[in-house]
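Notes for the structure review
Spelled out from the first residue to the last, the chains are:
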Amino acid sequence: MKIDVVLSPPEIDLLPQRDLKNTTAVVFDVLRATSTIVTALAHGVAEIFPVRTIEEAQSLKARMPGAKLGGERHGDKIDGFDFGNSPLEYREIANAQIITTTTNGTIALRACEHAREVIAGALLNLGAIAKHVLNTEPAELLLVCAGTFRDLAFEDVLASGMLCSRFPKGDLTDSAQTALAVFEQHKRDLLGALRSSQNGRVLISKNRDDEVRWCARVSTFDVLGVLQNGAIRPLRT
Ligand code: MLT
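Right, let's walk through the structure included here. (Residues numbered from 1 in each chain as written. Predicted model: local features only at pLDDT ≥ 70, side-chain atom pairs only at ≥ 80, totals over all residues. Heavy atoms only, no water.)

1. Structural notes on the overall build of the protein
- A tally of regular secondary structure across the protein gives 10 helices and 11 strands.
- Its C-alpha atoms give the protein a radius of gyration of 16 Å, near enough to 18 Å, the size a compact globule of 237 residues would have.
- Taking the principal axes of its C-alpha atoms as reference, the protein extends roughly 45 × 40 × 30 Å.
- Put simply, the protein has 237 residues, and 57% of those count as buried. (Helix = DSSP H or I, 4+ residues; strand = E, 2+ residues; numbered from the N terminus. Rg over C-alpha atoms; globule rule 2.2 N^0.38 Å. Buried < 20%, exposed > 50% of the residue type's maximum accessible area, 1.4 Å probe, protein only.)

What follows is the structure in structure tokens.
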């Protein structure tokens, strides 16, 4: 199995033109979009619709009035939305439908929606992802690091490297080898690594270290969020 890693947002922009018909894509936005998606699905949220813009979210809401609006801009809840993008907000809304837009995570998810399979990945469900990939044996595994605005996000590369480490016989590209090396360097203190990242430092500065700690919990949930036809729904492994 070929394993490749998309390290940063400028590379994500090119994904719609990439042939992904034999590819399983795993999108990592550890702080916090995909961690929030995994947390929500693990707590019974029925489906999550990732959209690119606030306007798209409001337009979809008009067609789905029972759905709740979530997401962030600059890390904070969007005016008029029901929820922000903290995973801790999504633990007591079982059966809800959520429409969400975030700065990077939802963009990255939609950029690879033409892949054979698209999974919302986090440290929270890392083991479940590894088990699913081992069972389905895709020709290519593409790990997409959502990033922060236009920059690489350290925590996303770290999580991608951790997943690479689960496939020692994988055919790793140089990007994947790079992600693996980052993980090997920091695997003894993942929480410390998350806290040292740009996103981690910003969250801590906003008194949100509890969210960083939550997102650093490895393989806590055996649930995958699989994106199909515009909605992310739970796939139990
Ligand atoms: C993103 O999607 O860019 C991040 O998850 C932003 C955040 O949650 O603060």
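Alright, that's what it looks like, and here's the rest.
2. Observations regarding the pairing of strand β1 (residues 2–6)
- For β1, the buried fraction is high: four of the five residues fall into the buried class.
- For β1 and strand β8 (residues 140–145), the ladder comprises five bridges, and the chain directions are parallel. Its bridge partner lying in β8, V5 is registered against L143.
- Two elements, β1 and strand β9 (residues 171–172), share two bridges in a ladder whose sense is parallel. Each residue of the ladder has a partner; that of K2, found in β9, is D171. (Pairing = 2+ DSSP bridges.)

3. A look at the site of the ligand
- With respect to spatial proximity, the complete set of residues near the ligand consists of D29, L31, R32, A33, E72, G75, N85, T102, T103, N104 and G105.
- Contacts to the ligand include R32, whose backbone N or O atom sits 2.8 Å from an oxygen atom.
- In the complex, the protein chains occlude 90% of the 270 Å² of accessible area that the ligand would expose alone.
- In a pocket analysis with a 2 Å cut-off to the grid points, the ligand is assigned to the largest pocket.
- Along the lines of polarity and charge, the residues of the shell around the ligand split into two nonpolar, six polar and three charged. (Near = heavy atom within 4 Å. Polar contact = N/O pair within 3.5 Å; in protein donor to acceptor, adjacent residues only side chain to side chain. Areas by Shrake-Rupley, 256 points an atom, 1.4 Å probe, with all protein chains shown as cover. 1 Å grid on protein atoms, 1.4 Å probe; cavity = no way out; pocket = protein on both sides within 12 Å on 5 of 7 lines; lining within 4 Å. Sits in = over half its atoms within 2 Å of the grid points. Nonpolar A, V, L, I, M, F, W, Y, C, P; charged D, E, K, R; others polar.)

4. Digging into empty space enclosed by the protein
- Evaluated as defined, the whole model comprises one cavity of 30 Å³ or more.
- A volume near 70 Å³ is recorded for the largest cavity.
- In terms of lining residues, the largest cavity is bounded by A33, T36, I37, A40, I48, N85, Y90, I98, T100 and T102.
- Breaking the lining of the largest cavity down by element, the ones donating at least two residues are α2 (33–42) and β6 (97–101).
- In terms of residue count, the dominant contributor to the lining of the largest cavity is α2 (four residues). (Points joined across faces, edges and corners; volume = space filled by probe spheres on them.)

5. Let's talk about the side chain of E155
- Position of E155 relative to the elements: it lies in helix α6 (residues 154–165).
- With no salt bridge to any partner, buried E155 finds its closest opposite charge in R201, at an N-O distance of 8.6 Å.
- Excluding residues within four positions of it along the chain, E155 makes contact with V30, L31, L194, S197 and N199. (Lys, Arg positive; Asp, Glu negative; His and termini not counted. Salt bridge = Lys/Arg side-chain N within 4 Å of Asp/Glu carboxyl O. Contact = heavy atoms within 4.5 Å.)

6. What to know about the packing of helix α5 (residues 126–136) against α6
- It is at 10 Å that the axes of α5 and α6 come closest, and there the two elements cross at 45°. Taken together, the axes of α5 and α6 are oblique relative to one another. Crossing handedness for the pair α5 and α6: right-handed. Packed against α5, whose contacting residues are L126, I129 and A130, the element α6 presents A159, M162 and L163 at the interface.
- A per-class count over the contact of α5 with α6 returns six nonpolar, no polar and no charged. (Axes fitted to C-alpha atoms, helices over the stretch in contact; angles between N-to-C directions. Parallel < 35°, antiparallel > 145°, perpendicular 65-115°, else oblique. Left-handed = near helix turned anticlockwise from the far one by under 90°.)

7. Re the packing of aromatic side chains
- Scanning the model with the defined rule gives two aromatic pairs in all.
- Ring centres 5.3 Å apart and planes at 45° place the aromatic pair F83 and Y90 in the tilted group. There is no split in this pair, since F83 and Y90 are both buried.
- Measuring from ring centre to ring centre gives 6.1 Å for W214 and F221, while their planes differ by 45°; the resulting arrangement is tilted. F221 matches W214 in its accessibility class, with the two residues each being buried.
- Lying across the ring of W214, R91 places its NZ or CZ 4.9 Å from the centre.
- Between R217 and the ring centre of W214, over which it is positioned, the NZ or CZ distance is 4.2 Å. (Phe/Tyr/Trp six-rings, centres within 6.5 Å; stacked < 30°, edge-to-face > 60°. Lys NZ or Arg CZ within 6 Å of the ring centre and 35° of its normal.)

Honestly, that's just the spatial picture; any functional story needs more than this.
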